[in-house]
Amino acid sequence: MQPQLVFLLLFLGILHGTCGLYFNMREKEQKCFIQTTPDDMDVLVQYAIEVEDPSTGGFMPASPGLGMHVDVRDSMDKVVLSRVYSSKGLLKFTTHCPGDHRICLQPNSTAWFEGALLRVHLNIETGERSVNYERIRKTNNMDIMQLRVLQLINQAEDISRNQNYQRFVEKQFLRTTDNIYFNIICFSVAQIVILVLLWAFQYHMLFRQPSLYLAYCEILCESGLSRFRTPEAFRTLITIVGANGQGLTTQALAQWISQFKDAEKTDEQLQQLVNDKVKAKVEEFVGKFLTKPAPQIPENVKGSFYASNVQLTKLLSSARRNRSVHLKDDSFLLICECEDCKAESNTVDTQS
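Residues numbered from 1 in each chain as written. Predicted model: local features only at pLDDT ≥ 70, side-chain atom pairs only at ≥ 80, totals over all residues. Heavy atoms only, no water.

The name given to the protein in an unreviewed UniProt entry is Transmembrane emp24 domain-containing protein eca-like isoform X2, with Drosophila mauritiana as the source organism. A UniProt comment under Subcellular location (unreviewed entry) is attached to the protein, and it reads "Membrane". (UniProt positions renumbered as here; feature names shortened; annotations may be inferred.)

Secondary structure assignment for the protein yields nine helices and nine strands. For the protein, with 352 residues in total, the buried portion stands at 26%. Total accessible area on the protein is roughly 25200 Å²; 57% of this is exposed by carbon and sulfur atoms. (Helix = DSSP H or I, 4+ residues; strand = E, 2+ residues; numbered from the N terminus. Buried < 20%, exposed > 50% of the residue type's maximum accessible area, 1.4 Å probe, protein only. Areas by Shrake-Rupley, 256 points an atom, 1.4 Å probe, with all protein chains shown as cover.)

Evaluation of the coordinates by the stated rule reveals one disulfide. Each sulfur in the disulfide pair Cys32 and Cys104 lies 2.1 Å from the other. Across the disulfide from Cys32 to Cys104, rotation about the S-S bond amounts to roughly 105 degrees, and the bridge is consequently right-handed. Here Cys32, found in strand β2 (residues 31-37), pairs with Cys104, found in strand β8 (residues 99-107); they are 72 residues apart in sequence, far enough to count as distant. A relative accessible area of 39% places Cys32 in the partly exposed class. The class for Cys104 is buried, based on a relative accessible area of 4%. Cys221 carries a free sulfur, and the closest cysteine sulfur to it, the one in Cys217, is 9.9 Å from it. (Disulfide = S-S within 2.5 Å.)

The geometry of an aromatic ring pair is captured by two quantities: the separation of the ring centres and the angle between the planes. By the definition in use, this model includes eight aromatic pairs. Where Phe23 meets Phe33, the ring centres are 5.3 Å apart and the plane angle is 50 degrees; that geometry is what we call tilted. Linking Phe23 in strand β1 (residues 21-26) with Phe33 in strand β2, this pair joins segments that are ten residues apart in sequence. Exposure remark for Phe23: the relative accessible area of 12% places this residue in the buried category. Classification of Phe33 by relative accessible area gives partly exposed; the value is 22%. Judged by centre distance (5.2 Å) and plane angle (50 degrees), the ring pair of Tyr216 and Phe234 falls under tilted. With a gap of 18 residues between them, Tyr216 in helix α4 (residues 212-219) and Phe234 in helix α5 (residues 231-241) connect regions that are remote in the sequence. Residue Tyr216 shares its accessibility class with Phe234, and that shared class is buried. Among the aromatic residues, those joined into a cluster by ring pairs are Tyr213, Tyr216, Phe234 and Phe285. (Phe/Tyr/Trp six-rings, centres within 6.5 Å; stacked < 30°, edge-to-face > 60°.)

Before going further, it helps to examine the sheet that holds strand β5 (residues 68-73). Taking strand neighbours across the sheet as the criterion, the four strands line up as β2-β8-β5-β6 in an open arrangement whose pairing is antiparallel. What marks the edges here is a single partner per strand, and that holds for β2 and β6 (79-85). Strand-to-strand, the axes of this sheet are offset by a mean angle of 15 degrees, without reference to chain direction. Across six bridges, β5 lies against β6 in antiparallel orientation. Bridging from a neighbouring strand, His69 pairs with Val84 of β6. (Pairing = 2+ DSSP bridges. Axes fitted to C-alpha atoms, helices over the stretch in contact; angles between N-to-C directions.)

We now examine the pairing of strand β7 (residues 88-94). The alternating pattern of β7 places Gly89, Leu91 and Phe93 on a buried face and Lys88, Leu90, Lys92 and Thr94 on a face that is not buried. Relative to β7, strand β3 (residues 42-52) is paired through seven bridges, and the arrangement is antiparallel. Residue pairing across strands places Gln46 opposite Leu90, the latter belonging to β7.

A separate point is the pattern of salt bridges. Counting across every chain of the model gives nine salt bridges. Here Arg73 makes a salt bridge to Asp71, at a shortest N to O gap of 3.2 Å. With relative accessibility at 24%, the residue Arg73 sits in the partly exposed group. By relative accessible area, Asp71 is classed as buried at 11%. Glu222 is the salt-bridge partner of Lys281, the closest N and O atoms lying 4.0 Å from each other. Within this pair, whereas Lys281 is found in helix α7 (residues 268-290), its partner Glu222 is found in the loop between α4 and α5, the two being separated by 59 residues in sequence. In this structure, a network of salt bridges that share partners links the residues Glu157, Asp158 and Arg161. (Salt bridge = Lys/Arg side-chain N within 4 Å of Asp/Glu carboxyl O.)

Set out below in structure tokens:
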């Protein structure tokens, strides 16, 4: 058990001593990394470039002419640092606004195509971990206790900065949540307004615009005729009359009135007055809303027995659709246009 514990401690020590990462890239590629940091915090970036060795298949240190262009932008997409360094570089910058900082690395190679394969070792440290305490101790001639106090002060400042950053993130989250809730409420209100407008439009189209039934009720508006204003009586009348007022006869109207007569009233004279009034109202309604006006009949051309075939076709089709249409002088002349009839007609014109 004890050797396993010793091996675990050694392994953890090795992991603690190693930091950073490495990745492969071509000479014309660009690699970007996102580092989330609070404001007013130091960020230390350290890198080293190795070039692939075709002979051995491994990697060797890069030549001095190969450098690295480093571009750092803050969360507002403002340039914090942008310059070219050598194949090995150590740079440090201080953040001025909290959020995600983008660190982009691109070799300054002059290769035309992809170029050689590179291996880049990268290490990014932030806050108190970016401080070189050994150099501070030698520069300021500090003992171990003073150095430890300085380290604790830097750690406390890092904790304070991280707490402020968490408050900033929380405010952003609350602002985003409020915006989402506001948009949801606005969308719901807009839906309600649209539904109300559609309901008002449908109500206006269905009930506010004049219809045959409303016109029928307005004509039969007297109090004694209420039984004839029901929807059932109106549907029965429309069924009898038809769409063009062709079925309105005295017998059909009498049967309709008898169908909806008041059985409680036994006074025949009063009933006859009501029937006459209903007949007059119904005839007024049919003549105003159901009967189409008679079409104008064209005059024949003087001195000719032949009418235009187009006019005659329109005349006959309109007379077929509407029985109440009367032709001029209650008669019309049908002329046959076959060769024999035309010859006979020409003979009559010559003799005359």
